[in-house]
Each structure stands twice: as structure tokens, then as C-alpha cells.
Amino acid sequence: MKISKVSITTFRHLSNLSFNLGSTITVIAGGNGTGKTSLLGLIGHVFKFGNTSHNLFNSRFETKYSSVFRFSSQHDAGNSYQYKIIFTDRTEKEAQLRETNENGRIRHRIDVGGRVRHGGKIMKPVIFLSLKRLIPLAQENERNIRMGVQTLTPALATEYSELYNEIFSATETISPVHTISNNKNSFSPTTNNFDAHGISAGQDNIGQIILALLSFKQLKQNDPNYVDGLLLSDELDATLYPASQKNLLKVMLRIGRESDVQIVFTTHSSDLLNFLSSRNGSQFKHHTNFVSLTNSLGTVTATQGFQELNILLADLNHEALRTIRPRKVNFYFEDYEACCFFKGIVDGIDFGCENSYKNLSLSCGTYKTLIDKGFEEFFKSVVVLDGDFKSGFNQTQPNNVIFLPGIVRPENIVRDFLQSLPESDLFWDNTFRYTKRVFLDSINGVADNRDTMKRWFNSEIEFWGEDASLLFLRWKELNPVETQEVITRTSEIITRIVDNFYELATES
């Protein structure tokens, strides 16, 4: 039972705040003082997992609010803090602040599910990685640092090493060594060249994050009561260079899905946020929710969804948000043959933006369904459909659809066109010696059905120029009216897209 939503009525400077969690990853981003760390503490406090199971840090799978923040007798006294967690099965768990007077001293408690000591908490294993993990061993008293006696199983030690190298793009032989200090009880990455005393803060940080991920993986394998887990990490990007941040995110997505772990982390790394908003970060969008916190207008507000990334980046960098006309327009097709036909028609035409061709191998019917249902992408892109679907589409409705010439499939148009060319046509004068007779021999006995004609098209295309460019150049020359209709329709749609859809940017 994973978390679906967090809703805060009031907690310190947070009020009337709610956001959804991603199925695997939730990124909470924002400037300093927006309450990112507080949110982690409030979420984690709702859960416990008993006394019997311990993680690889040799501690219980739970976190308490006292590990995240302290209540102030001056500023928190008398406040009625309240929030709730909503789960994917639509059940809820409420929590609220309670004050007690113990021997004349005001104490604060967050009761979960009412005033039942620990009884109202949900059974779910939790690991919270606080900023305490970033304290370098070099800054701790030498007498308080010692090597522990625990070891990882050979399988876990091997995976630890593999993950370390994947994140840092390295090829080192890593041995995780049990290290204990006043602030840590972990396994430090060591090699023949350095030990726990010589590792950087980034290496130590990655070691602890890997250990947390492996703790859930081991728990899922060994505990029949395990359903799913929750990993909370404050300032995930701290001490890590940009490439390692991206690699870490990929590892977390993979292991999170494999081990049924929801991962929630805070960040204000522009490198990480830019990666998520880029095409290279598209793999995260179906499993990730992005939550943006800002107090730029005084009170803290939360917005969510990947469309908020550029807005947040502007806020973090104290930059005004600019709107720019799109530099690139996507073109979608049914198949490769249709893409070749369209590219041949518009070749050499400057529409004022870059054409990005996408072959999704979707049928006309599927495109029509998505357009009818208001699929947003197709309102700011061009959809090119075969001419044989014209009768099945309401062409009176405004849309971004272009139909290829003719009333048959592109491969059939090519066949009919070549059949119509006399043997003396200049098209047959080519370096391949691809003559009318060669064509007639290739098409002889080919059945007039979709799959067979596609196989014929793809077996012959190497003789027609790259993407059949020479063939369609000749087709354009002999069919100027149909060619101009497609070019005019394309220009109209791109103009409408450019005039109505803007991209957000912060660069000057």
C-alpha cells in the first residue's frame, strides 16, 4: 500500500499544502526555508516496522520526527499542527501535534491515528537519510572512529561494488568495510588505494545511499511481511558532481521499481532538475512526481508536475521567466513509408523551425482516438496520416492532421507511380541501373496487401535514394498541385503551433 498523497492542514509555516507522490520517485525541490526537510520528517513519522527487522545500518526501519527537527517552546507552543497521509487504496492516516507538561517542561508529541502510543502507525519499513550522513570522518574525533565486525554477504558486497562503479562511472574493486563513529554506523567504500579515512564526502554519501537501497532489497527477499518500503533522503545531490547525480537517479529508479520502494528526496540542484526536464530524463516521467515549493510571494505554495521544472529553475536562480517560440515541432507518422513520403514532399522547405520526425508505428485509428480524447501533445505537433484514412476522419474540425496525397497507402502510391513512368523517363537513368524492367520484375507476383507491399517497399528503397528521396523528388516534379497542398497545409499548422504554444526558458 503505497502513499498516494500528502495533505498538510498546518505545520509551522506550511498550511493548506498538498501534493501527490510518484509511484517510485518523488522529487521535492525548492529554495532554502521552504520546508522540504520538514515534509520528509512528517511523512516518515507515520510508519514503523517493529523491532525484529534491522537495516544494513544496524538500526530499525523507522524514523521519528525528533531525528529531523526540534520543536520550539517559544514558537511551536499552542499551535495545532495537523496533517494526513492518503494511500493508494484511498485510506487515510491523520497525525497531529499534542503538548504535554512533564515535570514543568513543555513536551511535544505527534500522535498518529489518535492518542495511542505507537499504536496508530502504519506497518511500513522506512529509512531516512539525513544530512548527518555528510559529516566527514576527518572531522570526527579519531578515537571515536573504529572498524566494526559486521560484513555484507558476498552477493551484497558485489552489488555494492557494482552500483558504486555505475554511479561514479568507475571500474574500481570496491570493498565495503563496516565503519562506526559518533555519527555513523555504515559500510564505507574502500579499495587498495584508500580506506574509510581517505574517502571523500561524496564517496561516503554514495556508500550510505547504496546501503539504504540494498537494505530494502534484502528485506524484500527475506521478510514475508514486506509489501513495500519508503526511502527518504535530504539533499540527495549534496557532495555529488553532476554526472554522478544523474547516474544515481537512474539506479534509484531501477532498484526502487525492483524492490517496491517509494523514494522521496529533496534537492535544489539545477543540474539534476535540468536533467529531469531534458529528453534524457524522459524515462522518469511515468514513475516520478515533481513537487516544487516556493515562498517567492511570501507564503509557501506547492505546485507539481514536470511542467513546473522551468518555473522552479527561474525561481531558484532569481531569474524572470521568458517565453520563447518553439524551435522544434514534432511530426508523427503511421510508419516509415509515410515518413519517407512526407519528407520527400517538404524537402528543402523552410517552415521557420526544426522538423523532428517521430515514427511511433501507430495506426490511423489510434491517432484519431488520441486526438479525439484531447491528447495534449498532438495539439502542439503535426500528425501525418495516410490518404486512405481521409474518409474516416472529420476534416471539418480544426486539428493538426495532414493527409498524404492519394487515397491508398504510400507504398501503393509508389508502385502505381513507377508503373506510370515510361521506360524513357529520366528517373530510370540512375547509377544503380534500376530500370523500368528491373522494377516490373521486382513487383511481379507481389500480393496487394499491407504486409507484403511494405516488405517490397523496404527491399527496393536502397535503389531510390536515401529515404527514397530521388523517387519522391521525381514524384513532386510530376505532381505539383498535390505537393503544394501538403506544403501549404503544413505551413498553416506550424504557424498556428508557433503562435499558440510557447516554451519556457530562463536564459537571456
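Refer to the structure printed above.
This part takes up the overall build of the chain. What the chain contains, in helices and strands, is 13 helices and 22 strands. Counting across all 508 residues of the chain, residues that qualify as buried make up 50%. In the chain, the proportion of contacts linking residues at least 24 apart, taken out of those at least 6 apart, comes to 68%. Accessible area for the chain stands at about 24800 Å²; split by element, carbon and sulfur atoms hold 46% of it.

Spatial ordering of the open sheet is given by β2-β1-β5-β6-β7, a layout of 5 strands whose pairing is antiparallel. Either end of the sheet is taken by a strand with one partner, and the two such strands are β2 (14–20) and β7 (105–112). For this sheet, the mean angle separating the axes of adjacent strands, direction not counted, is 15°. As defined by bridge partners, strand β6 (residues 92–102) adjoins β7 across 8 bridges and the pair is classed as antiparallel. By the bridge assignment for β7, Asn-101 is matched with Ile-106. Along the sheet, helix α1 (residues 36–44) makes contact with β1 (3–11), β2, β5 (82–87) and β7, crossing β1 at roughly 115°.

As defined by bridge partners, β5 adjoins β6 across 5 bridges and the pair is classed as antiparallel. The residue of β6 that forms the bridge with Ile-85 is Lys-93. With antiparallel pairing between neighbouring strands as the criterion, β5 and β6 make up a hairpin whose turn holds 4 residues, including Arg-90 at a positive phi of roughly 75°.

Turning to the packing of helix α2 (residues 154–168) against helix α4 (residues 242–258), a few remarks are in order. Look at α2 against α4: their axes get within 7 Å of each other, and the N-to-C directions meet at 135°. Between α2 and α4, the angle is such that the two are oblique. Within the contact between the two elements, α2 uses Leu-163, Glu-166, Ile-167 and Phe-168 and α4 uses Ser-244, Asn-247, Leu-248, Val-251, Arg-254 and Ile-255. Within the contact of α2 with α4, the residues separate by chemical class into 6 nonpolar, 2 polar and 2 charged.

This part is about the pattern of salt bridges. Scanning the entire structure with this criterion turns up 18 salt bridges. Linking Asp-416 and Arg-415 is a salt bridge whose minimum nitrogen-to-oxygen distance equals 3.1 Å.

Now for the packing of aromatic side chains. What the rule picks out here adds up to 23 aromatic pairs. Arranged with centres 5.0 Å apart and planes meeting at 65°, the rings of Tyr-164 and Phe-168 form a pair that is edge-to-face. A residue pair is termed a helical-turn pair when its members lie 3 or 4 positions apart in one helix, as Tyr-164 and Phe-168 do in helix α2 at 4 residues. A centroid spacing of 5.6 Å and a plane angle of 50° characterise the contact between Phe-331 and Tyr-357, whose relative ring orientation is tilted. In this pair, Phe-331 is assigned in strand β18 (residues 328–333) and Tyr-357 in strand β19 (residues 354–359), connecting sequence segments 26 residues apart. Phe-331 gets classed as buried once you look at its relative accessible area, which sits at 0%. The structure contains a cluster of three or more aromatic residues connected by ring pairs, namely Phe-427, Trp-428, Phe-432, Tyr-434, Phe-439, Trp-456, Phe-457, Phe-463 and Trp-464. Against the face of Phe-47 rests Lys-124, its NZ or CZ located 5.6 Å from the ring centre.

Further remarks concern the environment of Trp-428. Structurally, Trp-428 is set in the loop between α9 (410–420) and α10 (436–443). Taking relative accessible area as the criterion, Trp-428 reaches 5% and is therefore assigned buried. When neighbours within four sequence positions are excluded, Trp-428 is seen to be in contact with Leu-418, Leu-421, Pro-422, Glu-423, Tyr-434, Thr-435, Lys-436 and Phe-439.

At a minimum axis distance of 9 Å, the contact between α4 and helix α5 (residues 270–277) shows a crossing angle of 50°. With respect to each other, α4 and α5 are oriented oblique. Crossing of α4 over α5 shows right-handed handedness. Listed contacts from α5 to Pro-242, Gln-245, Lys-246, Leu-249 and Lys-250 of α4 are Asp-271, Leu-272, Phe-275 and Leu-276.

As for its placement among the helices and strands, Ser-233 is situated in strand β13 (residues 229–233). In contact with Ser-233, not counting residues within four places along its chain, are Leu-40, Leu-129, Arg-133, Val-264, Phe-265 and Thr-266.

For α1, the tally of buried residues reaches 8 of 9 residues, placing the bulk of the element in the interior. Of all the positions in α1, only Lys-36, Ser-38, Leu-39, Leu-40, Gly-41, Leu-42, Ile-43 and Gly-44 are classed as buried.

What follows concerns unusual backbone geometry. In this structure, Asn-16 is a non-glycine residue whose phi angle is positive, near 50°. When you line up the elements, Asn-16 lands in strand β2. Its relative accessible area of 70% is what places Asn-16 among the exposed residues.

Here we take up the environment of Trp-464. Inspection of the secondary structure assignment puts Trp-464 in the loop between α11 (450–460) and α12 (469–478). Along the sequence, Trp-464 and Phe-427 sit 37 residues apart, while their C-alpha atoms lie 9.2 Å from each other. Once residues lying within four places of it in the same chain are set aside, the contact partners of Trp-464 are Val-414, Leu-418, Phe-427, Tyr-434, Trp-456, Phe-457, Ser-469, Leu-470 and Leu-471.

Inspection of helix α8 (residues 364–372) places Cys-364, Tyr-367 and Ile-371 among the buried residues, and these make up the whole buried set. Buried residues in α8, looked at end-on, bunch into an arc of 65°, giving them a common side. In this structure, the buried side of α8 is in contact with β18, β20 (382–385) and β21 (401–403).

It is worth spelling out the sheet that holds strand β11 (residues 175–180) at this point. The 3 strands are arranged β10-β11-β12 in an open sheet whose pairing can be described as antiparallel. Two strands in the sheet have a free side with no partner beyond their single neighbour: β10 (146–147) and β12 (185–190). With 2 bridges connecting them, β10 and β11 associate as antiparallel partners. Looking across to β11, one finds that Arg-146 is bridged to Ile-180. Running over the sheet, α2 touches β11 and β12 and is turned about 65° from β12.

What counts, and at which threshold
- Residues numbered from 1 in each chain as written.
- Predicted model: local features only at pLDDT ≥ 70, side-chain atom pairs only at ≥ 80, totals over all residues.
- Heavy atoms only, no water.
- Helix = DSSP H or I, 4+ residues; strand = E, 2+ residues; numbered from the N terminus.
- Buried < 20%, exposed > 50% of the residue type's maximum accessible area, 1.4 Å probe, protein only.
- Contact = heavy atoms within 4.5 Å.
- Areas by Shrake-Rupley, 256 points an atom, 1.4 Å probe, with all protein chains shown as cover.
- Pairing = 2+ DSSP bridges.
- Axes fitted to C-alpha atoms, helices over the stretch in contact; angles between N-to-C directions.
- Parallel < 35°, antiparallel > 145°, perpendicular 65-115°, else oblique.
- Nonpolar A, V, L, I, M, F, W, Y, C, P; charged D, E, K, R; others polar.
- Salt bridge = Lys/Arg side-chain N within 4 Å of Asp/Glu carboxyl O.
- Phe/Tyr/Trp six-rings, centres within 6.5 Å; stacked < 30°, edge-to-face > 60°.
- Lys NZ or Arg CZ within 6 Å of the ring centre and 35° of its normal.
- Left-handed = near helix turned anticlockwise from the far one by under 90°.
- Arc of directions from axis to C-beta.

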